[in-house]
Amino acid sequence: MRSSAVNRANKATSAQLEACISTSRELNGTRLHFAVKTSSELSDVESERIWNIFESNMHLFYTTSSFGWDPRSKKEEMFHPHARLVLCERRDDTPSGSESNSSESRIVAYTIFRFEREAKQDMVYCYELQVTEESRGLGVGKLLMGSLFDIGSRWRMKNVMLTVFKTNDAASAFYKSLGFDLDPSSPGYVEGDWQDEELDCDYVILSKSIP
């Protein structure tokens, strides 16, 4: 059963959610623009770009996991009616006064999330955090995760939760650096043990409380 806080958050418009975050940032001379959209507000070009980034980053992890590679079910999850997205676009090479080509997407990173209630706690569940290879190292992923905490705080969520493949060492190290820890709901939960090799499960569930 959803809580009243989750119900309210799920009724929030993209504009209301976007008001919780900083929409313009500059990192190492790179100008970035952030926007919040629902899956239904995405253009076909944006949806294709989002999927292509996911496939480029995650195809190998899925094909070598117990989940397997199932584009149809994954797209249903990513573009679910309740899904919200924080999109990051690069603006550093756009000439002043000009618009980007509508047939191309400038999205270089994004996070997909939903407001959910699990174990009697209201949460922001991060389904995806993806950054293109050429945009890594700028701090974009950290900004996107920060946006989830900003949104979650405004809409009275208690924590941010996500899953990560055990084989994804870079992602595990990234989330650990942000203060995420193994959630008690993670399969075979053992406090402090992120990589329980004896458990026949190829992912862990991580969480962090929202201040």
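Keep in mind the model is a prediction, meaning the values are calculated, not measured.

Q: Can you walk me through the overall build of the protein chain in this structure?
A: Of the regular secondary structure elements, the protein chain holds six helices and eight strands. When the helices and strands of the protein chain are read in sequence order from the N terminus, they spell out α-α-β-β-α-α-β-β-β-α-β-α-β-β. In the protein chain, which comprises 211 residues, the proportion classed as buried is 45%. For the protein chain, the accessible surface area stands at approximately 11,400 Å², while carbon and sulfur atoms represent 46% of it.

Q: In this structure, what is going on with the side chain of Arg114? I would like to understand it.
A: Inspection of the secondary structure assignment puts Arg114 in strand β4 (residues 107-118). A polar side-chain atom of Arg114 sits 3.2 Å from the main-chain carbonyl oxygen of Glu77. Setting aside its immediate chain neighbours within four residues, Arg114 contacts Glu77, His80, His82, Ala83, Met123, Val124, Tyr125 and Tyr127.

Q: When you look at the layout of surface pockets in this model, what are you seeing that I'm missing?
A: Think of a ball as big as a water molecule: rolled over the atoms, this probe shows where empty space is left. Looking at the largest pocket, its volume works out to about 940 Å³. Taken together, 36 residues line the largest pocket, and the ones lying closest to its centre are Met58, Glu128, Leu129, Gln130 and Asn168. Every element with two or more residues in the lining of the largest pocket is listed here: α3 (44-63), α4 (71-78), β5 (121-131), α5 (140-154), β6 (159-165) and α6 (169-177). At seven residues, the largest contribution of residues to the lining of the largest pocket is made by β5.

Q: Is there a simple way to think about the pairing of strand β1 (residues 24-27) in this case?
A: Within a regular beta strand, the side chains point alternately toward one face of the sheet and then the other, so they alternate between its two faces. Where β1 lies against strand β2 (residues 30-38), four bridges are found, and the strand directions are antiparallel. Residue pairing for β2: Glu26 is matched across the bridge by Arg31. Where β1 folds back on β2, the antiparallel hairpin that results is connected by two residues, among which Asn28 adopts a positive phi of roughly 50°.

Basis of the calculations
- Residues numbered from 1 in each chain as written.
- Predicted model: local features only at pLDDT ≥ 70, side-chain atom pairs only at ≥ 80, totals over all residues.
- Heavy atoms only, no water.
- Helix = DSSP H or I, 4+ residues; strand = E, 2+ residues; numbered from the N terminus.
- Buried < 20%, exposed > 50% of the residue type's maximum accessible area, 1.4 Å probe, protein only.
- Areas by Shrake-Rupley, 256 points an atom, 1.4 Å probe, with all protein chains shown as cover.
- Polar contact = N/O pair within 3.5 Å; in protein donor to acceptor, adjacent residues only side chain to side chain.
- Contact = heavy atoms within 4.5 Å.
- 1 Å grid on protein atoms, 1.4 Å probe; cavity = no way out; pocket = protein on both sides within 12 Å on 5 of 7 lines; lining within 4 Å.
- Points joined across faces, edges and corners; volume = space filled by probe spheres on them.
- Pairing = 2+ DSSP bridges.

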